[in-house]
Amino acid sequence: MSRPRLLFVLALLVATAAVGHAAVTPRSAPVPPNLAALPYVVGGWAGADAPPLDAETTRILAADDLVNRTYRGADGTPIGLYVAYYAAQRPGVSIHSPLHCLPGTGWEALDVSERPLANDRPGTMRRVIVRKGQQLALVFYWYALHGRMISGEIMSKLTLLADGVRLHRNDAALVRIVVPIGASVSIADRQGLAFARDVAPEIAYSLK
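Residues numbered from 1 in each chain as written. Predicted model: local features only at pLDDT ≥ 70, side-chain atom pairs only at ≥ 80, totals over all residues. Heavy atoms only, no water.

Colleague: An account of helix α5 (residues 185-207) is needed here, citing residue identities and associated values.
Modeller: Turn by turn, an α-helix covers 3.6 residues, leaving residues three or four places apart pointing in a common direction. With 23 residues, α5 should cover 33 Å at 1.5 Å per step; its first-to-last C-alpha distance of 31 Å lies within 8% of that length. Most pronounced at Val199, the bend in α5 amounts to some 35°, and the proline Pro201 follows within four residues. Taken as a whole, α5 has its buried residues at Ala188, Asp189, Gln191, Gly192, Leu193, Phe195, Ala196, Val199, Ala200, Ile203, Ser206 and Leu207. (Helix = DSSP H or I, 4+ residues; strand = E, 2+ residues; numbered from the N terminus. Expected span 1.5 Å × (residues − 1). Bend = angle between axes of the 7 residues up to and from the residue. Buried < 20%, exposed > 50% of the residue type's maximum accessible area, 1.4 Å probe, protein only.)

Colleague: Describe the packing of aromatic side chains, and please don't skip the residues or the numbers.
Modeller: Scanning all chains against the criterion turns up three aromatic pairs. Aromatic pair Trp45 and Phe195: ring centres 5.4 Å apart, planes at 80°, arrangement edge-to-face. Of the two residues, Trp45 is situated in strand β2 (residues 45-49) and Phe195 in helix α5; the sequence distance between them amounts to 150 residues. A relative accessible area of 0% places Phe195 in the buried class. With a centroid separation of 5.2 Å and an interplanar angle of 45°, the aromatic rings of Tyr71 and Phe195 are classed as tilted. (Phe/Tyr/Trp six-rings, centres within 6.5 Å; stacked < 30°, edge-to-face > 60°.)

Colleague: Describe the nonpolar core, naming the residues involved and giving the relevant values.
Modeller: The tendency in soluble globular proteins is for nonpolar side chains to be buried side by side. Among the nonpolar cores identified, the biggest contains 31 residues, and Leu81, Met125, Trp142, Ile177, Phe195 and Ile203 are the most heavily contacted of them. Only β3 (65-72), β4 (78-86), β6 (121-132), β7 (135-145), β9 (172-180) and α5 provide two or more residues apiece to this core. Setting aside anything within four residues of it in sequence, one finds Ile203 in contact with Leu38, Leu81, Val83, Trp142 and Val175. Counting residues in each nonpolar core, the second largest holds 18 residues, with Val130, Val139, Leu160 and Ala172 among its members. (Core = buried A, V, L, I, M, F, W, Y, C linked by side-chain atoms within 4.5 Å. Contact = heavy atoms within 4.5 Å.)

Colleague: Give me the layout of surface pockets: which residues, what numbers.
Modeller: Estimated volume of the largest pocket: approximately 910 Å³. In this structure, the largest pocket is lined by 33 residues; those nearest its centre are Leu102, Thr105, Trp107, Arg176 and Val178. Elements with a contribution of two residues or more to the lining of the largest pocket: α2 (55-61), β3, β4, α3 (98-104), β6, β7 and β9. For the lining of the largest pocket, the element with the most residues is β4, which contributes seven residues. Along the lines of polarity and charge, the residues of the lining of the largest pocket split into 23 nonpolar, seven polar and three charged. (1 Å grid on protein atoms, 1.4 Å probe; cavity = no way out; pocket = protein on both sides within 12 Å on 5 of 7 lines; lining within 4 Å. Points joined across faces, edges and corners; volume = space filled by probe spheres on them. Nonpolar A, V, L, I, M, F, W, Y, C, P; charged D, E, K, R; others polar.)

This is how it looks when you write it as structure tokens:
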């Protein structure tokens with residue numbers, strides 16, 4: 001393992017441990033979201049439920065609520081939306097970073113960067129080009145933390161630690177969008193960004 005990657009993993013482990021040991025007894029328990037109430041029609045996109053996850057995957061994820069759907073726009077391109085909510089993160093039960101999960105399912109990250117949701121709106125996303133055999137896809141993801149949209153793993157852990165002390169809450173959600181890369185990366189990029197801008201307010205409303 002390279003030194004930068006080792007330092008990243010160590011920092012992430014420290015932040016995760018700190019979150020797990022923070023005082024998070026809530027003053028008042030957060031209202032659980034109802035992710036199933038996310039609209040199936042968002043902007044110009046129409047959604048349908050994806051096949052259910054298998055029992056082992058569901059057990060490993062250990063999410064308290066999740067949505068797994070496929071949305072399609074006017075050109076029919078399937079865009080995957082996955083949202084997993086955790087009411088209380090603790091050692092052994094926490095959000096799984098896509099940067100760690102994707103290699104485990106055979107996807108190789110070719111390029112990792114960050115992208116603002118929009119110039120006039122707060123929030124950033126991770127943007128990852130991935131490959132599996134001959135398949136290419138574009139992944140956008142972020143961590144939804146009490147009204148914030150945070151792209152980085154370490155920053156999300158530190159923010160969650162601060163909120164545990166300040167708000168006595170450590171609930172959070174992972175939002176992941178997957179767009180297949182067909183004719184070009186730029187087309188997939190535009191599609192994914194347009195969908196993210198349409199669906200992000202709906203997700204934020206469900207998780208507030």
